[in-house]
Amino acid sequence: MPDLLIELFSEEIPARMQAQAADGLKKLVTDALVERGLLYEGAKAFVTPRRLALAVHGLPGRQADQREEKKGPRVGAPEGAIAGFLKSAGLSSLDQATVQSDPKKGDFYVAVVEKPGRPTPEVIAEIIPAIIRSFPWPKSMRWGSGSLRWVRPLHSIVATFGAEGDEPEVVRFEVDGIVSSNITYGHRFLAPAPITVKRLDDWMAKLEAAKVVVDRDRRKDIILNDAKDLALANGLELVEDEGLLDEVAGLVEWPVVLMGAFEERFLDIPDEVIRATIRANQKCFVLKNPATGRLANRFLLISNLVASDGGAAIVAGNERVIRARLSDAKFFWDTDRVNGLESRMPRFQSITFHEKLGSQAERIERIRRLAVEIAPKVGAEPALAEDAALFCKADLLTEVVGEFPELQGLMGRYYAQGEGLAPEVAAACEEHYKPQGPGDRVPTAPVSIAVALADKIDTLVGFWAIDEKPTGSKDPYALRRAALGVIRIVLENGLRVRLHRVMSRAHTILAVQMHTPLISEKIAVIKQAKDIGFGEEAVRNLISDLRLAITKEAGEQFADKTIPIILETTADLLSFFADRLKVHLREHGARHDLVDAVFALEGQDDLVLLVDRMTALARFLDTEDGKTLLAGYRRAVNILRIEEKKDGRAFTGPTNAALLKEPAEERLADAIEQVKRRVASAVAAEDFETAMTALADLRGPVDAFFDAVTVNDQDPALRENRLKLLDEIRAATRGIADFDRIGG
């Protein structure tokens, strides 16, 4: 079957746009072909700095003929309807239509439209120009007097179509004065002459001979392997960088790896600064000395040509630029060390964190106070956590981080070490930003954990307080990432932290600092405990703690205004955490409905305990006892709901023992009381496996009850008592989870 080859030859395409452009061309062309009935066997896109290409294999030579029946109006319909039907069907008179009968609708006209298939080249000549003119470049330009917008000036278009062994034909079309042909061009400097090509294999081979490697992945392999070989030949190791490799593969068509050097005096600069300088300014790779583990004063650059002098002039030019950039970096590094971290802190007073959340200095103070309170809960020394929180943001005002923002945190560690701060403080300056993504590691040192949690929780509470929550796909302040960071830090370190109290305390610190309720001026009464998500006793204890803290710092009147707002904000934020936890656990194979079931219970804000409970519940529900009990529970709840709706009231336990007439209901009532006690005892001891074992003992009595007892007895007293017994089943399971929320 014939193959299609398309090549769009232009000036240099920015490296960052190349991969997306190749995928876009493939999708647009293949979708258009399939839409027109031209199915294909395979397609592959290619991209180099100066060309975007696509090969489509196994296309038919022409479209299949199409036959379509178009239903028209009923016989005797108005003339306007008849005329519209004839026009849409392409008929000149009703004589060309047929009449069909329908038992319900009567007789109506039908037009049989036969559409012969067109040759594939004719269809392609229609598709490609439209795609070129509307191609979705992130940025595009016009040039000369033409109207075409393309990423860079487009010079030529190759379009060939033909079967293996045949001479392919040129698919003829024109775009803005550029006529398609079978002519392309090789390397700009090494082989600029025109080249006549046929199909994919011929195109690739001739361009390779003309010093163009068209396959992006192959260019990457050449660069990586040659770089490793050259480093090894000089007794060094390549510091691999996948992002940089992607970028330089988009800058060259004929990659040549060369080695340059810089003065050893620059090795006084931290390795990360050297690497960032060389990478950002010259797109070069750095090398490591295996004997010392530090960087060597060598670098690798990727040239786009084979130079007559062996690349000496190219290397010398790169060395000049890198020498100048490293001189700047050394100046920044030396200047930052002369001006210590503490001297920078006053400048934060004049830097706004957010117009509604105060200055950076105020934010640092909030982090400091919260870190001190979190420290004992995570095994950190409060004094060290306080120092770390004070200095964790100081490197944002350094010259090096100003030049290379991606080094924030890391430079804070270097500067803290240089000033003789405690190792825990220095580590926290770097690690409090972590984790910054799903693949990033979490901090494990107690001081780093305390500051990282304080930083992220202050961010979340602050933006929740001013009602700047994520909406849809929009999350400008990376609040989802911050919540996931808190979840991972807590779970991966096994921390027993009560999030509700920590968040409430964070909001208290914020409210007192700003000295105004931050959600709204509306003063509301405390919501019912069920609306807040915690039991009455838990809420009372929390209110007592909040009132004591706020009254001490801002007065009783301010406490009265602020406490309801803090409770509402914290409850809403905990709900957001539940959603983030579902996402996190689902990515690790857990069921989100079980997260809902456990989170719905009173006071479930200890994430470690919650996950342990959910894991035990998942194992239980996978057993035969679990499945049967869940089925019995649903049967009980369904009966309850129906009867409660019928009577317009709820049936809640306890039952009246004197009205338990049947042996099966007596056994069930006894089993429920025993299970409740055993579950409560096991949960209090955090032994969820034993709690599940206790719950499994309900299976037999529940099954026996439904086999032997009629719930809706004619005696109203018996009926009510048995419905209350069903509610007791629900109450027994509530010691573990809210079974109403379990799906499946």
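Residues numbered from 1 in each chain as written. Predicted model: local features only at pLDDT ≥ 70, side-chain atom pairs only at ≥ 80, totals over all residues. Heavy atoms only, no water.

**Details of the overall build of the chain**
Counting its secondary structure elements, the chain contains 27 helices and 18 strands. The C-alpha atoms of the chain give a radius of gyration of 36 Å, which is well past the 27 Å a tight globule of 744 residues would have. Burial statistics for the chain: of 744 residues in total, 50% are counted as buried. Counting contacts in the chain only where the partners sit at least 6 residues apart, residues at least 24 apart contribute 69% of the total. On the chain, roughly 34,800 Å² of surface is accessible, and the fraction owed to carbon and sulfur atoms is 49%. (Helix = DSSP H or I, 4+ residues; strand = E, 2+ residues; numbered from the N terminus. Rg over C-alpha atoms; globule rule 2.2 N^0.38 Å. Buried < 20%, exposed > 50% of the residue type's maximum accessible area, 1.4 Å probe, protein only. Contact = heavy atoms within 4.5 Å. Areas by Shrake-Rupley, 256 points an atom, 1.4 Å probe, with all protein chains shown as cover.)

**Looking at the environment of arginine 344**
Within the secondary structure, arginine 344 sits in helix H9 (residues 341–344). A C-alpha to C-alpha distance of 9.6 Å links arginine 344 and phenylalanine 391, two positions 47 residues apart in sequence. Excluding residues within four positions of it along the chain, arginine 344 makes contact with Thr335, Asp336, Asn339, Ala394, Leu397 and Thr398. Separated by 2.3 Å, the side chain of arginine 344 and the backbone oxygen of asparagine 339 make a polar contact. (Polar contact = N/O pair within 3.5 Å; in protein donor to acceptor, adjacent residues only side chain to side chain.)

**What about the packing of aromatic side chains?**
Scanning the entire structure with this criterion turns up 13 aromatic pairs. Judged by centre distance (5.4 Å) and plane angle (35 degrees), the ring pair of phenylalanine 9 and tyrosine 185 falls under tilted. Of this pair, phenylalanine 9 sits in strand S1 (residues 3–10) while tyrosine 185 is found in strand S11 (residues 183–185), placing the two residues 176 residues apart along the sequence. Since its relative accessible area comes to 28%, tyrosine 185 is described here as partly exposed. The interplanar angle of 50 degrees and the centroid separation of 4.6 Å between the aromatic rings of tryptophan 464 and phenylalanine 576 together place this pair among those described as tilted. On the criterion of sequence distance, the pair formed by tryptophan 464 in helix H15 (residues 446–465) and phenylalanine 576 in helix H20 (residues 556–587) is long-range, its members being 112 residues apart. Neither tryptophan 464 nor phenylalanine 576 differs from the other in exposure class; each is buried. (Phe/Tyr/Trp six-rings, centres within 6.5 Å; stacked < 30°, edge-to-face > 60°.)

**What to know about empty space enclosed by the protein**
Empty space among the atoms can be located by rolling a probe the size of a water molecule over them. This model, assessed by the stated rule, comprises three cavities of 30 Å³ or more. Approximately 60 Å³ is the volume found for the largest cavity. Around the largest cavity, the lining residues are Thr277, Asn281, Arg325, Asp328, Ala329, Phe332, Glu403 and Phe404. Elements with a contribution of two residues or more to the lining of the largest cavity: helix H7 (271–282) and helix H8 (312–338). (1 Å grid on protein atoms, 1.4 Å probe; cavity = no way out; pocket = protein on both sides within 12 Å on 5 of 7 lines; lining within 4 Å. Points joined across faces, edges and corners; volume = space filled by probe spheres on them.)

**Things to note about a nonpolar patch on the surface**
On the surface, Val34, Leu39 and Tyr40 cluster together into a nonpolar patch covering about 270 Å² of accessible area. Secondary-structure assignment places tyrosine 40 in the loop between helix H1 (15–35) and strand S2 (42–48). Residue tyrosine 40 is classed as partly exposed on the basis of its relative accessible area, which comes to 30%. (Patch = residues over 30% accessible without salt bridge, like charges linked within 9 Å, V, L, I, M, F, W, Y side chains within 5 Å. Salt bridge = Lys/Arg side-chain N within 4 Å of Asp/Glu carboxyl O.)

**Quick notes on the sheet that holds strand S6 (residues 106–115)**
Sheet architecture is open: three strands sit in the order S4-S6-S5, paired in antiparallel fashion. In this open sheet, the two strands that pair with only one neighbour each are strand S4 (66–74) and strand S5 (98–102). Each neighbouring strand pair of the sheet contributes to a mean axis angle of 35 degrees, computed without reference to strand direction. The strands touched by helix H2 (residues 79–89) within the sheet are S4 and S6, with S4 carrying the most contacts at an inclination of about 175 degrees. (Pairing = 2+ DSSP bridges. Axes fitted to C-alpha atoms, helices over the stretch in contact; angles between N-to-C directions.)

**Describing the confidence of the model for the chain**
Overall, the prediction assigns the chain a mean pLDDT of 89, with 93% of residues at 70 or greater. When mean pLDDT is compared element by element in the chain, strand S14 (residues 256–261) scores highest at 98, while helix H18 (residues 529–532) scores lowest at 41. (pLDDT = per-residue confidence, 0-100.)

**Topic: the sheet that holds strand S16 (residues 295–303)**
Taken in spatial order, the four strands line up as S13-S15-S16-S14 in an open sheet, and their pairing is antiparallel. If you trace the sheet from one side to the other, it starts and ends with strand S13 (237–238) and S14, each paired once. The pairing of S14 with S16 spans six bridges and is antiparallel. Along S16, the bridge assignment pairs valine 257 with isoleucine 302. Its contacts with the sheet put helix H5 (residues 216–233) on S13, S14, strand S15 (285–288) and S16, and the angle it makes with S14 is roughly 40 degrees.

**A short note on the pattern of salt bridges**
Taken as a whole and judged by the stated rule, the model has 60 salt bridges. Between aspartate 455 and lysine 393 there is a salt bridge, with the nearest N and O atoms lying 3.2 Å from each other. Residue aspartate 455 is located in helix H15, and its partner lysine 393 is located in the loop between helix H11 (382–391) and helix H12 (399–403); the two are separated by 62 residues in the primary sequence. Like lysine 393, aspartate 455 is buried. The salt bridge partner of arginine 413 is glutamate 430, with a shortest N-O separation of 2.7 Å. Remark: glutamate 430 occurs in helix H14 (residues 423–431) and arginine 413 occurs in helix H13 (residues 410–418); sequence separation between them is 17 residues. Using a relative accessible area of 24% as the deciding quantity, one classes arginine 413 as partly exposed.

**Some thoughts on the side chain of aspartate 440**
Examined against the element boundaries, aspartate 440 turns out to sit in the loop between H14 and H15. Aside from chain neighbours lying at most four places away, what touches aspartate 440 is Lys434, Pro435 and Arg488.

**Overview of the nonpolar core**
Leu453, Leu617 and Leu698 are the most contacted members of the largest nonpolar core, which totals 104 residues. The biggest single contributor to this core is H15, with 13 residues. Apart from the residues lying within four places of it in its own chain, the contact partners of leucine 698 are Leu629, Leu668, Ala671, Ile672, Val675 and Ala732. Counting 42 residues, the second-largest nonpolar core is a separate cluster that includes Ala329, Phe332, Ile364 and Leu410. (Core = buried A, V, L, I, M, F, W, Y, C linked by side-chain atoms within 4.5 Å.)

**Regarding the environment of valine 306**
As for its position among the elements, valine 306 is in the loop between S16 and H8. Along the primary structure valine 306 and valine 256 are separated by 50 residues, whereas in three dimensions their C-alpha atoms are 6.7 Å apart. If sequence neighbours within four positions are ignored, valine 306 has contacts with Leu190, Trp254 and Val256.

**Some points on the packing of helix H10 (residues 360–374) against H15**
For any two helices packed against each other, the geometry is given by the interaxial angle and the distance between the axes. Close contact between H10 and H15 brings their axes to 8 Å; oriented N to C, the two are set at 130 degrees. Classed by the angle they form, the pair H10 and H15 counts as oblique. In this structure, the crossing between H10 and H15 has a hand that is right-handed. Of the residues in H15, those in contact with Arg363, Arg366, Ile367, Leu370, Ala371 and Ile374 of H10 are Ala450, Val451, Leu453, Ala454, Asp455, Ile457, Asp458 and Thr459. Residues that form the contact of H10 with H15 fall into these classes: nine nonpolar, one polar and four charged. (Parallel < 35°, antiparallel > 145°, perpendicular 65-115°, else oblique. Left-handed = near helix turned anticlockwise from the far one by under 90°. Nonpolar A, V, L, I, M, F, W, Y, C, P; charged D, E, K, R; others polar.)

**Here we look at helix H3 (residues 120–133)**
Owing to its 3.6 residues per turn, the α-helix aligns residues three or four sequence positions apart on the same side. Compared with the 20 Å implied by 1.5 Å per residue over 14 residues, the 20 Å span of H3 between its first and last C-alpha is a close match. Of the surrounding secondary structure, the elements contacted by the buried residues of H3 are S1, H1, strand S7 (154–162), strand S8 (169–170) and strand S9 (174–175). (Expected span 1.5 Å × (residues − 1).)

**Concerning unusual backbone geometry**
Excluding glycine, residues mostly have negative phi values, and the peptide bonds linking residues are mostly trans. Look at the link from lysine 434 to proline 435: it is a cis peptide, with omega at -5 degrees. In this fold, proline 435 is placed in the loop between H14 and H15. With a phi angle near 55 degrees, lysine 283 is a residue other than glycine that sits in the positive phi range. Mapped onto the elements, lysine 283 comes out in the loop between H7 and S15. At alanine 478, a position not held by glycine, the phi torsion is positive, near 55 degrees. Residue alanine 478 is classed as partly exposed on the basis of its relative accessible area, which comes to 25%.

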